[in-house]
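# Survey of secondary and tertiary structure
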Amino acid sequence: MSSPPTSSPGLAASLLGALFTPRRTFARLALEDSAKPGASAIALLALFWSVLLVWLWMQGHAPPFVLLPIPLEHYYLAQALVMLPVLTGLWWVHAELSHRLATRAGGEGREPGVRAALGFAYAAPMLAHVLAELAATLAGGVDALRLTARISLPAASLAVWVLSSLALRVAHRTSWPASVGAAFAGLLVQALLGALVLR
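As the structure is a computational prediction, the values presented were derived from the model and not from experiment.

At Val82, helix H4 (residues 75–104) shows its maximal bend, which comes to roughly 60°, and the proline Pro85 appears one to four places after that position. Positive backbone phi, at 100°, marks Gly106, one or two positions downstream of H4.

By size, the foremost hydrophobic cluster in this structure holds 50 residues, and its most contacted members are Phe26, Leu45, Trp49, Leu87 and Tyr122. Taken together, the elements giving at least two residues each to this core come down to helix H1 (11–20), helix H2 (22–29), helix H3 (36–58), H4, helix H5 (111–172) and helix H6 (176–194). Looking at this core element by element, the count peaks at 21 residues for H5.

Our next topic: the pattern of salt bridges. Scanning the model with the defined rule gives six salt bridges in all. The salt bridge partner of Asp33 is Arg110, with a shortest N-O separation of 2.7 Å. In this pair, Asp33 is assigned in the loop between H2 and H3 and Arg110 in the loop between H4 and H5, connecting sequence segments 77 residues apart. Taking relative accessible area as the criterion, Arg110 reaches 40% and is therefore assigned partly exposed. Residue Glu96 pairs with Arg100 through a salt bridge whose shortest N-O separation is 2.4 Å. Of this pair, Glu96 and Arg100 both sit in helix H4, four residues apart, roughly one helical turn. One salt-bridge network, in which partners are shared between bridges, spans Glu96, Arg100, Glu111 and Arg115.

A cluster of nonpolar side chains, namely Phe65, Leu67, Leu68, Val189, Leu193 and Leu196, defines an oily patch on the protein surface of about 510 Å² accessible area. As for its placement among the helices and strands, Val189 is situated in helix H6. Overall, Val189 belongs to the partly exposed group, its relative accessible area being 33%.

Conventions used here
Residues numbered from 1 in each chain as written. Predicted model: local features only at pLDDT ≥ 70, side-chain atom pairs only at ≥ 80, totals over all residues. Heavy atoms only, no water. Bend = angle between axes of the 7 residues up to and from the residue. Helix = DSSP H or I, 4+ residues; strand = E, 2+ residues; numbered from the N terminus. Core = buried A, V, L, I, M, F, W, Y, C linked by side-chain atoms within 4.5 Å. Buried < 20%, exposed > 50% of the residue type's maximum accessible area, 1.4 Å probe, protein only. Salt bridge = Lys/Arg side-chain N within 4 Å of Asp/Glu carboxyl O. Patch = residues over 30% accessible without salt bridge, like charges linked within 9 Å, V, L, I, M, F, W, Y side chains within 5 Å. Areas by Shrake-Rupley, 256 points an atom, 1.4 Å probe, with all protein chains shown as cover.

Right under this line is the structure:
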């Protein structure tokens, strides 16, 4: 008699796993036949980021400068409305470039699983950063947000790089230098593209 199939951990469990048991979590995600789990993590990040942006807009705040022809007083609202496609696109660019570079370095990872793992490597630290900013804003206003962001944003960015490198190493079985380099290249390109929109 065969045992019933075990269900995969849910979204929240996978996000926590990416932070606290990343090697085991990425090894499981790398076996996925679809990138949908990673897309779900990115969508949750976009949701909470949009909530923060709408709150800032409702309080009358605006970024100090923008690169797009959108009035400053409405920029946070406009950004909130496009966070899902923007973050999805940035994740896709990061995953595509990182995966291709790791493959060129002799990697063995399958594209859907690599995308799924990189989705959680990207979303988990950034979600922690956004939640910290949201809590700071609700508790102490925009000044508390700015103080929090000085710490949480660099920490989250470094964590994304570290976790993305680990995800590539686990999924592709590439060396650390190749994994770190591929992750850095993917993140650099998406950061440059994201700088056109994200504030």
